[in-house]
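Residue-level structure breakdown
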Amino acid sequence: MNHFSLLDWIVFAVYAVVIASLGLWVSRTKKGTEKTTSDYFLAGRSLTWWAIGASLIAANISAEHFIAMSGSGYAIGLAVACYEWVAAAVLLIVAKFFLPVFLRTGIYTMPQFLHQRYDRKVSTSLSVFWLLMYVLVNLTSVSYLGALALEKVLGIPLLYGIIGLSLFSALYSIYGGLKAVAWTDVVQVVFLIGGGLVTSFLALEAVGDGHGIFAGFQKIFEQAPERFHMIIEKGLYSIPDGTEGAVKDAFLDLPGVAVIIGSMWLTNICFWGFNQYIIQRGLAAKSVKEAQYGLAFAGFLKLLIPLLVVIPGICAYVLSADIVKSDEAYPWLLNNIVPPGITGLAFAALVAAVVSSLSSIINSASTIFTMDIYKVYIKPQASDKQLVKVGRTVALVALFIATLIAPKFASLDQVYPIIQEYTGFIYPGVFLIFFLGMFWRQATSKAALWTAILTLPVAVVFKLFVPDMPFIVRIGYVFIILTVVFVGLSLTEKKNKTTAPEETQEKKKEHIRKGWLIIAIAVLAGIVVTLFVKPLAGFALDSAYTLVVGFILLGLVLITDAKYSTTDKKAIIFDSGLLKTNLPFNIIAIAICGLLAFLYFYFW
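Keep in mind that this is a model prediction, so the values were computed, not measured. (Residues numbered from 1 in each chain as written. Predicted model: local features only at pLDDT ≥ 70, side-chain atom pairs only at ≥ 80, totals over all residues. Heavy atoms only, no water.)

1. So, the overall build of the protein
- Along its length, the protein carries 24 helices and four strands.
- Computed over C-alpha atoms, the radius of gyration of the protein comes to 24 Å, within 12% of the 25 Å expected from 2.2 N^0.38 for 604 residues, which places it in the range of a compact globule.
- Expressed as lengths along the three principal axes of its C-alpha atoms, the size of the protein is roughly 75 × 70 × 45 Å.
- Considering only contacts in the protein between residues 6 or more positions apart, those separated by 24 or more positions represent 84%.
- Accessible surface, the protein: about 23,300 Å² in total, of which carbon and sulfur atoms supply 68%.
- If the 44 positive side-chain charges of the protein are averaged to one point and the 35 negative ones to another, these points end up 14 Å apart. (Helix = DSSP H or I, 4+ residues; strand = E, 2+ residues; numbered from the N terminus. Rg over C-alpha atoms; globule rule 2.2 N^0.38 Å. Contact = heavy atoms within 4.5 Å. Areas by Shrake-Rupley, 256 points an atom, 1.4 Å probe, with all protein chains shown as cover. Lys, Arg positive; Asp, Glu negative; His and termini not counted. Charge placed at Lys NZ, Arg CZ, Asp CG, Glu CD.)

2. So, the side chain of Ser 445
- Looking at the element boundaries, Ser 445 is found in helix H20 (residues 445-465).
- Within polar-contact distance, the side chain of Ser 445 engages the backbone oxygen of Tyr 118 at 3.4 Å.
- Residue contacts for Ser 445: discarding those within four places in its chain leaves Tyr 118, Asp 119 and Val 122. (Polar contact = N/O pair within 3.5 Å; in protein donor to acceptor, adjacent residues only side chain to side chain.)

3. Focus: a nonpolar patch on the surface
- On the surface, Val 128, Leu 132, Leu 136, Val 397, Phe 400, Ile 401 and Leu 404 cluster together into a nonpolar patch covering about 610 Å² of accessible area.
- Secondary-structure elements contributing two or more residues to the nonpolar patch are helix H7 (120-154) and helix H17 (384-405).
- Position of Val 128 relative to the elements: it lies in helix H7.
- Accessibility expressed as a relative area gives 37% for Val 128, which makes it partly exposed. (Patch = residues over 30% accessible without salt bridge, like charges linked within 9 Å, V, L, I, M, F, W, Y side chains within 5 Å. Salt bridge = Lys/Arg side-chain N within 4 Å of Asp/Glu carboxyl O. Buried < 20%, exposed > 50% of the residue type's maximum accessible area, 1.4 Å probe, protein only.)

4. Brief notes about the packing of helix H12 (residues 264-274) against helix H13 (residues 276-283)
- At their nearest, the axes of H12 and H13 sit 5 Å apart, and the two run at 50° to each other. Relative to H13, H12 is oriented oblique. Along the contact surface, H12 presents Phe 271, Trp 272, Gly 273 and Phe 274, while H13 presents Gln 276, Tyr 277, Ile 278 and Ile 279.
- Residues belonging to the contact of H12 with H13 are distributed by class as follows: six nonpolar, two polar and no charged. (Axes fitted to C-alpha atoms, helices over the stretch in contact; angles between N-to-C directions. Parallel < 35°, antiparallel > 145°, perpendicular 65-115°, else oblique. Nonpolar A, V, L, I, M, F, W, Y, C, P; charged D, E, K, R; others polar.)

5. Regarding the state of the cysteines
- Within this structure, the stated rule accounts for zero disulfides.
- Here Cys 82 is not cross-linked by a disulfide; its sulfur's nearest cysteine counterpart is in Cys 270, at 16 Å.
- Looking at Cys 315, it has no disulfide partner, and the nearest cysteine sulfur is the one in Cys 82, 19 Å off.
- Looking at Cys 315, the relative accessible area reads 0%, which means it is buried. (Disulfide = S-S within 2.5 Å.)

6. Some remarks on helix H19 (residues 427-439)
- Taking 1.5 Å per residue, 13 residues should reach 18 Å; H19 reaches 18 Å between its end C-alpha atoms and fits that length.
- Of all 13 residues making up H19, 13 are buried, and the element is well covered by its neighbours. (Expected span 1.5 Å × (residues − 1).)

7. Describing the environment of Leu 295
- Along the chain, the position of Leu 295 falls in helix H14 (residues 288-318).
- Leu 295 gets classed as buried once you look at its relative accessible area, which sits at 3%.
- On a C-alpha basis, the gap between Leu 295 and Trp 272 in space is 9.5 Å, while along the polypeptide they are 23 residues apart.
- In contact with Leu 295, not counting residues within four places along its chain, are Ile 52, Leu 56, Leu 91, Val 94, Ala 95 and Leu 99.

8. A word on H17
- The end-to-end C-alpha distance of H17 is 32 Å, a good match for the 32 Å that 22 residues give at a rise of 1.5 Å each.
- All buried positions along H17 are accounted for by Leu 387, Val 388, Val 390, Gly 391, Val 394, Ala 395, Ala 398, Leu 399, Ala 402 and Thr 403.

9. Describing the packing of helix H5 (residues 82-105) against H14
- Two numbers describe how H5 lies on H14: the axes approach to 8 Å, and their chain directions differ by 170°. The pairing of H5 with H14 is recorded here as roughly antiparallel in orientation. In contact with Glu 84, Trp 85, Ala 87, Ala 88, Leu 91, Leu 92, Val 94, Ala 95, Lys 96, Leu 99, Pro 100 and Leu 103 of H5, H14 contributes Val 288, Ala 291, Gln 292, Leu 295, Ala 296, Ala 298, Gly 299, Lys 302, Leu 303, Ile 305 and Pro 306.
- In terms of residue class, the contact of H5 with H14 is made up of 18 nonpolar, two polar and three charged.

10. Here we look at unusual backbone geometry
- Phi at Ser 320 takes a positive value of approximately 55°, unusual for a residue other than glycine.
- Inspection of the secondary structure assignment puts Ser 320 in the loop between H14 and helix H15 (329-336).
- Although it is not a glycine, Ala 540 sits at a positive phi angle of roughly 55°.

11. Structural notes on the pattern of salt bridges
- Per the counting criterion, the structure on display carries six salt bridges.
- With its nearest N and O atoms 3.2 Å apart, the salt bridge here joins Glu 510 to Lys 514. With a gap of four residues between them, Glu 510 and Lys 514 both fall in helix H22 (residues 505-532), about one helical turn apart.
- Overall, the relative accessible area of 33% leaves Glu 510 in the partly exposed class.
- Taking the relative accessible area as the measure of exposure, Lys 514 reaches 42% and is therefore partly exposed.

12. A look at the packing of aromatic side chains
- All told, the structure shown has 20 aromatic pairs when counted by the stated rule.
- Arranged with centres 6.3 Å apart and planes meeting at 90°, the rings of Phe 102 and Phe 434 form a pair that is edge-to-face. Pair noted here: Phe 102 is in helix H5 and Phe 434 is in helix H19, with a separation of 332 residues, a long-range link.
- Phe 102 sits in the buried class, given a relative accessible area of 0%.
- Residue class for Phe 434 comes out buried when judged on its relative accessible area of 0%.
- Through successive ring pairs, a cluster of aromatic residues spans Phe 98, Phe 102, Phe 113, Trp 130, Phe 274, Phe 431, Phe 434, Phe 435, Phe 439 and Phe 479.
- Here Lys 96 stacks its cationic end above the ring of Phe 97, 5.6 Å away from the centre of that ring.
- Arg 227 extends its terminal NZ or CZ atom over the ring of Tyr 317, reaching a point 3.9 Å from the ring centre. (Phe/Tyr/Trp six-rings, centres within 6.5 Å; stacked < 30°, edge-to-face > 60°. Lys NZ or Arg CZ within 6 Å of the ring centre and 35° of its normal.)

13. A look at the environment of Glu 328
- When you line up the elements, Glu 328 lands in the loop between H14 and H15.
- When the C-alpha atoms of Glu 328 and Lys 494 are compared, they prove to be 57 Å apart, with 166 residues separating the residues in sequence.

14. Quick word on the environment of Tyr 374
- Structurally, Tyr 374 can be placed in helix H16 (residues 342-378).
- Sequence spacing of Tyr 374 and Lys 385 is 11 residues, and the spatial spacing of their C-alpha atoms is 13 Å.
- In this view, Tyr 374 contacts Phe 369, Lys 379, Ala 382, Leu 387 and Val 390; residues no more than four positions away in its chain are not counted.

In structure tokens:
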């Protein structure tokens, strides 16, 4: 059953005591003082770059990765690493183009930005979306997957594991707020990466029969070559679908080139750029530069994540792990190839990933409810003390609801693709609402509201009527439809317009030239894609239409903003200098992109 020795218990207990003590220590306040909303929800806007980067990774890497992504590594292979490697590049985009705009507005939450840019209807609709997603998808899945590890390694019943993890994360995060979460994350990420690397190396040692990790790498390449296809062709191989031993085409989860030229970019931008529980770290930065360096640091760490979580899953496959479900691969490794003492460290890494994510999600859920619903609709004159109290109460309620729902995930074989699919339901609309809200002066509240309203129904219709379409491809088609809706409504609406700011004719002509050039290149790319869609049907080449439409949209933004003499009354007007980055950041960005190019070239 489990192989947890006394030494393992000691190692794990030390981890738990260190995290709980640190969380409570940084949560303290001076005698006679109360936490303000800035202290509780944004850590007093005091986070440094290394705290931001570490906290981003700790918040993001959870049981979804150690359990679910390892499970996908076991079932599918390295192709699932596309989520991590694309994210590394996306973090650079968010740092350069989005964070400076958000920080300039001084917002606490992403819905607050939507209220400033559009209106209360738009911000409230997205607030409800996020709250439902955080509680019903994120909290529940992280709780379940962490408890699954407790069950397989320690024999703790699933429900007790879910309750235990929830209580541990609540111990310091509900009292201390984001400051406690962020600073404990700095320690959590050390356990997370250190313990994860140790497990990976031991798994490779086991595969290599004691001849070293490089021998292990060579062996998994030789014995499971299909697990190293970054681009999965339709019909290449089948994987369990989680229903009574049935199988499905691996292409449905990771369809061909869609993972690098399709809506994978769109979903990653939404997750890292507009997702409250992620971007909240950037909003809490000391300055724009600290925030940008923090995201770049996180980008480097993201390149490592597949080594921590995907490679162990492939090792478990090569070692013929005796498991029932793919998501049991990582717990099987802890039970069978990790020695006493090290098991405690590896398990601490896994629990660190779970607890840090739970803490981050509940903090962000409570922030959105408190600042965007309670303070707006229930008690606008609430004091800081009352708002902090409401935030803590909401966090407890969210955890309770998630604890009731989490056991329902037990029937699934791989949870990671399910999480990606259902969070992807709202991403096309979220992307358009934020991106156009920031950079398109013609974007209107009416267009944003209808896009928010239609996002979920359009996604559901596609899922019902085209069930065999991979969800990553489906997200792209939903994006294209919503783009037409958003642009059409914005351009036809004449209300709430004001005179556009003055710009030189030379600058206008430059923007128009750039816009038409981008559109021309995009249309040409679309024609080429159309010629090869059928011959390359097994590679989901039609997913490229997402990027084609995205660049046409970008060209349209440049042209209309330059040509129109009016602009939406709430449009954001900022100097292009706001988006400039310094030399150190640019060097880091080039290094990350170079490493990504090498990885995709080597593993193509």
